[in-house]
Amino acid sequence: MTDRRELADFLRRRRDLLRPADVGLPDGLRRRTPGLRREEVASLAGVSTDHYTRLEQARGSAPSESVLSAIARALQCDLDGRDHLFYLAGMTPPLRRSGHYVRPGLIALARRLTDIPVVICTDTGELAWLNQLATALLPPLPDGPGRGRNLMWRWFTQPDLRPAPPRDWDRMSASHVMDLRATYARRSGDPDITSLVHDLLDESEEFRRLWERHEVAVRRADVKTFVHSEVGAVAVRCEVLLTEEADVKLLAYFPLEGTDAAEKLELLRVIGNQRLTYADSSPT
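Residues numbered from 1 in each chain as written. Predicted model: local features only at pLDDT ≥ 70, side-chain atom pairs only at ≥ 80, totals over all residues. Heavy atoms only, no water.

## Things to note about the overall build of the protein chain
So, step 1. Assigned secondary structure in the protein chain consists of 12 helices and five strands.
So, step 2. In summary, the protein chain has a C-alpha radius of gyration of 25 Å against a globular reference of 19 Å for 284 residues, an excess of more than 25%.
So, step 3. Along the first, second and third principal axes, the C-alpha atoms of the protein chain reach 75 × 50 × 35 Å.
So, step 4. For the protein chain, the accessible surface area stands at approximately 15600 Å², while carbon and sulfur atoms represent 52% of it.
So, step 5. With 41 positive and 42 negative side-chain charges, the protein chain shows a spacing of 6 Å between the two charge centroids. (Helix = DSSP H or I, 4+ residues; strand = E, 2+ residues; numbered from the N terminus. Rg over C-alpha atoms; globule rule 2.2 N^0.38 Å. Areas by Shrake-Rupley, 256 points an atom, 1.4 Å probe, with all protein chains shown as cover. Lys, Arg positive; Asp, Glu negative; His and termini not counted. Charge placed at Lys NZ, Arg CZ, Asp CG, Glu CD.)

This is how it looks when you write it as structure tokens:
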């Protein structure tokens, strides 16, 4: 339900905060208030002055999603303000998009988790950041652009590089596709997810078969085993921490209780440190 009174109050107060110069308009003469006029906001939003005026007067028809988005832009609302505007109108706000930007605070948090592998990736599986232990645990990744750093793409198009025992492949493949199905619907046809899915349908018969099931399950936690060439099988419990935008997530791999995973991860950490030391001391 639209909270007309609160919506009207929010619009008026946001309008009063803006100056004409803030939106590229001249100050003009005979302004009785320092903020924008209603007709100016309506013009910036591309809606009729009458419709916008009725919203500020807590009357008239409920605004559409497109009108709310336009008004939020005209009033220069940040994402929190835009979401608040939608909630007051009784509507669900559009999904937030980080644009693959990883907040420094999230990386700072990840850097503190030095004794477990940590990965930051997008909801399409694109790797954005790995800590040293994750780099040591996962197969080597290419540098530069392309899909070589996309976990979904690598899993289905390069099965020989799968860092898991073959007995787990069917379960993990199904889990990957179900999670990607949820992302595909949530992202509503965004070009990056659409092109990834279409290319996977062309390249992988396994992906195509699983996609046609139309099974959906957002992955928030999992138990899996990595197979490493030097330390062998490492059983971990994966916790998925979603950011507010939900299109960037942090994956933390904790050693599975009752296994030797903790000792193997510590060995990998030592091996990784030694390799860094050798690389730093090598002649140039």
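## Thoughts on the packing of aromatic side chains
So, step 1. Scanning all chains against the criterion turns up four aromatic pairs.
So, step 2. Considering the side-chain rings of phenylalanine 156 and phenylalanine 207, the 5.3 Å spacing of their centres and the 75° angle between planes classify their relative orientation as edge-to-face. Here phenylalanine 156, found in helix H8 (residues 151-157), pairs with phenylalanine 207, found in helix H11 (residues 205-211); they are 51 residues apart in sequence, far enough to count as distant.
So, step 3. Each ring, one from tyrosine 184 and one from tryptophan 211, has its centre 5.3 Å from the other, and the planes form 90°; the classification is edge-to-face. Placement of tyrosine 184 in helix H9 (residues 169-186) and of tryptophan 211 in helix H11 is noted, with a sequence separation of 27 residues between them. (Phe/Tyr/Trp six-rings, centres within 6.5 Å; stacked < 30°, edge-to-face > 60°.)

## So, the pairing of strand S3 (residues 221-228)
So, step 1. Sheet analysis places S3 next to strand S4 (residues 232-242), joined by eight bridges and oriented antiparallel. Looking at the pairing, histidine 228 lines up with glycine 232 of S4.
So, step 2. Linking S3 back to S4 in an antiparallel pair, the connection comprises three residues. (Pairing = 2+ DSSP bridges.)

## Concerning the sheet that holds strand S2 (residues 127-130)
So, step 1. One open sheet holds the five strands; their spatial order is S2-S1-S5-S4-S3, and the pairing between them is antiparallel. Each having just a single partner strand, S2 and S3 make up the two edges of the open sheet. Pairwise comparison of adjacent strand axes, ignoring direction, gives a mean angle of 30° for this sheet.
So, step 2. The pairing of S4 with strand S5 (residues 248-255) spans seven bridges and is antiparallel. (Axes fitted to C-alpha atoms, helices over the stretch in contact; angles between N-to-C directions.)

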